[in-house]
Amino acid sequence: MIEPIYITGAGVVSAIGVGKEQTLSALNAGTTGIGTMAYLDSCHRDIPVGEVKLSNDEMVQMLGVDNDPLFTRTALLGRLALREALDQAGLTRDMLADVHLVSSTTVGGMDRREQNHAQEKTCDRLHAVMGTHSCGNSTQMIAAQFGQFASLSTVSTACSSATNAVITGANMLRCGLADIVVVGGSESLSKFHLNGFNALMILDRQQCRPFDRDRAGLNLGEGAAYLVLETARSVKARGVTPLCRLAGYGNACDAFHQTASSPDGEGAYRAMSEALEMAGMKPADIDYINAHGTGTPNNDLSESQAIKRLFGPEIPPVSSTKSFTGHTTSASGTIEAVFCLLALEHHFLPVNLNWQNAMEEGIVPVAEPRQAELRNILSNAFGFGGNDSSMIFTIDHA
Amino acid sequence: MSQPKIYIQAAEQVSIQQPLSQQWMSEPILTDQLLATATVPNYRDFIDPREARRMGGLIKRALVTTLKVLRDTGVEHPDAFITGTSIGSLDYTERFLDALDESEEALSPTYFMQSPHNTVGSALAIHTRSHGYNTTYSHGACSFDWAVMDAWIQMQLGKIRTALVGGYEEMTQDYFELLQKTGYVGQPGMAPCAEMSMSMMLNTQCSDNCLCQLAGVAMGNLAYRERMRQQLAQMLNAAHLTAADVSAVMTGKNGNPDNDACYDGIVDDLLPGVPLLRYKHLFGENYTASAMGVYAAAHCLAQGMVPDCLQEQPRLFKPCAILLVNQMDQQEYSLMLLTKI
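Everything numeric here is computed off the predicted structure, so don't read it as measured data. (Residues numbered from 1 in each chain as written. Chains lettered and ligands numbered in written order. Predicted model: local features only at pLDDT ≥ 70, side-chain atom pairs only at ≥ 80, totals over all residues. Heavy atoms only, no water.)

1. Observations regarding the overall build of chain B
Next, step 1: Per the secondary structure count, chain B includes 11 helices and 12 strands.
Next, step 2: In summary, chain B has a C-alpha radius of gyration of 19 Å against a globular reference of 20 Å for 341 residues, a match within 12%.
Next, step 3: For the C-alpha atoms alone, the extent of chain B along its principal axes is close to 65 × 45 × 40 Å.
Next, step 4: Put simply, chain B has 341 residues, and 65% of those count as buried. (Helix = DSSP H or I, 4+ residues; strand = E, 2+ residues; numbered from the N terminus. Rg over C-alpha atoms; globule rule 2.2 N^0.38 Å. Buried < 20%, exposed > 50% of the residue type's maximum accessible area, 1.4 Å probe, protein only.)

Listed below in structure tokens is the structure:
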């Protein structure tokens, strides 16, 4: 058991909505956000994507800021989610001197660089700044609207980035370096990674079908989500009401392959085991697993093996909400964490859309929405290179 | 909480200087090139040539410095691999972008697969079959510093005892030209823009071969100067040192007036009048250049001398403690205190 780490604010943007309210109603209604490409400028119109249904201009307007040619889509998505998280936690500009931000992204400013790359040889300074916009610049750009944080940091471990940002932030609290750390990630779709995943032949031409026998790959998505992590001392001093607790987390490396998971899911198994151990829990204490569940043949089999190894015959309800949002890569860890928070608060099991047939050796996910009293949720995020991480959220019912 | 001591057990580099060597201390290589590539070591001593052929330059250099450190320390599987890289596999990223400019059809995934920033850190784990904690920080000029911070935190928490922490960066001609337009590198009188790989082993156990102690690390926002002063005071206090014990401050000055003035301001705030060291004219400027500062300071403390090539005003002295100051975009900073054993 570790000293309690509370979550006192959360913000989310994804293909199923801006903010927790829209997100909750889509999750309950089983309405997917995956559909035809409307904003990404790619020739692959036949590939379904989980786009946030807003143009960059619309996001600028919602944020109430002046447009800046340097704005990236990743930063705008990030700002929308960060604003909601800070608002809910009651953190205002004048309080940020004591608030740290750990954000994550991999795409960063790639959405802008790929637009201008062919003209870079002769571009002006502004476009050079755009072309060299790094992951760290992305965090700075997201933060800039809200004030001066105590520190900024950026984690980039591909698809597990946001979960690893949570882990860094939580460790900062436990070590006594901070009382409040905002953690999360933001990622926009880019032609760069859509084409990269396409070249890897792991994109489904239909809506993705995590854990289904006939699953044929993932759909890419975009979005952002942030959580406000806070120590017990700070929660008490500020008189805020926590949404839930981060009870444990684990990070391990599969150390198998750059883009494939090991057949026995070693990294995933270790990450989940470590999270349970830190939380002081047994597998039977977990009421629901929000799986990484990308929908690729490889991930879902490997993750199934890891879950079966750890949980034995008594596997709790499992679902992959990537069937709603697509794989939001560097943001997925905290986007799905917010889904878990909503499930804890509103007592339901998020459904795994598009599932029809059990896969051989695979787990059977939650295929119909249902109400459930949940206490402990395990959430998985696994990245390229075998950067595997898990976290456990707990609600203390009165 | 009992505070474990943390030691830098070994640190190795590949850069403009002689690779995997401390020869730069006596025979520094100075270049007036605006963009300088790394001097490559003999990879065959460490990596199977068939495997090396499939790796980009960044990963090869990172793997070599890492394997040398693992070999020298005898730590086969460190508890953690923590990587700092701001731009990661830039070369492969740009090759994929070039292909994308041609057409979105019939692309090979090869370059894409090695383009994410965490490819380096996971390649180290895959090669050494290490299942421990593994993460990557890509936070501009503080990428490496956050990697050190992470290791520090987890050692304080008792979560890990050994960590392979590294800073790895590469550069391409195209990206250099962009960065030159932004003013970050390639200005007259500046340190060369360069590639670098630095791996070090942090260990909570002291052994005979340890280079120095990592006595403290802190990160922050330059908007909060008072906190920066407090952080240094706490760091010194925890190490049972006073400001007068700090032998020198190692800054990231690179010959660019805006960058250098920022350091002068910080040093005046923290330790006015203390002798100044710099390293970027030797190892070059790039986002994880701060790793080279830590590397250089660690070896100075281990050898009990600071070569003239690092000193702003050369004199003979035996360093006891070196404070490293690094700043990012004149907005953020890191402080690291290294002390002799």
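2. Overview of the domain arrangement of chain B
All names here are of chain B.
Next, step 1: Parsing chain B into structural domains produces domain 1 (7–203) and domain 2 (214–339).
Next, step 2: With centres defined by C-alpha atoms, the gap from domain 1 to domain 2 works out at 22 Å.
Next, step 3: Counting residues at the interface gives 50 residues for domain 1, matched by 41 residues for domain 2.
Next, step 4: Looking only at domain 1, the three residues that lose the most surface to domain 2 are Trp 24, Met 25 and Met 196, adding up to 18% of its buried area.
Next, step 5: One can count 0 salt bridges joining domain 1 with domain 2.
Next, step 6: For the side of domain 1 that touches domain 2, the secondary structure elements donating two or more residues are strand 1 (7–14), helix 6 (143–156), strand 5 (162–169), strand 6 (193–194) and strand 7 (196–203).
Next, step 7: Ranked by residues supplied to the side of domain 1 that touches domain 2, first place goes to helix 6 with 7 residues. (Domains from an automatic or database assignment. Contact = heavy atoms within 4.5 Å. Buried area = accessible area lost by both parts, 1.4 Å probe. Salt bridge = Lys/Arg side-chain N within 4 Å of Asp/Glu carboxyl O.)

3. Quick notes on the interface of chain A and chain B
Next, step 1: Taken residue by residue, the interface counts 72 residues in chain A and 62 residues in chain B.
Next, step 2: For the pair chain A and chain B, the two sides together bury roughly 5,600 Å², of which 57% comes from carbon and sulfur.
Next, step 3: When the buried area of chain A at its contact with chain B is split by residue, His117(A), Phe192(A) and Gln258(A) rank highest and sum to 11% of it.
Next, step 4: Where chain A touches chain B, the interface holds 5 salt bridges.
Next, step 5: Salt-bridge contacts for Arg227(B) lead to Asp98(A); the nearest nitrogen and oxygen are separated by 2.8 Å.

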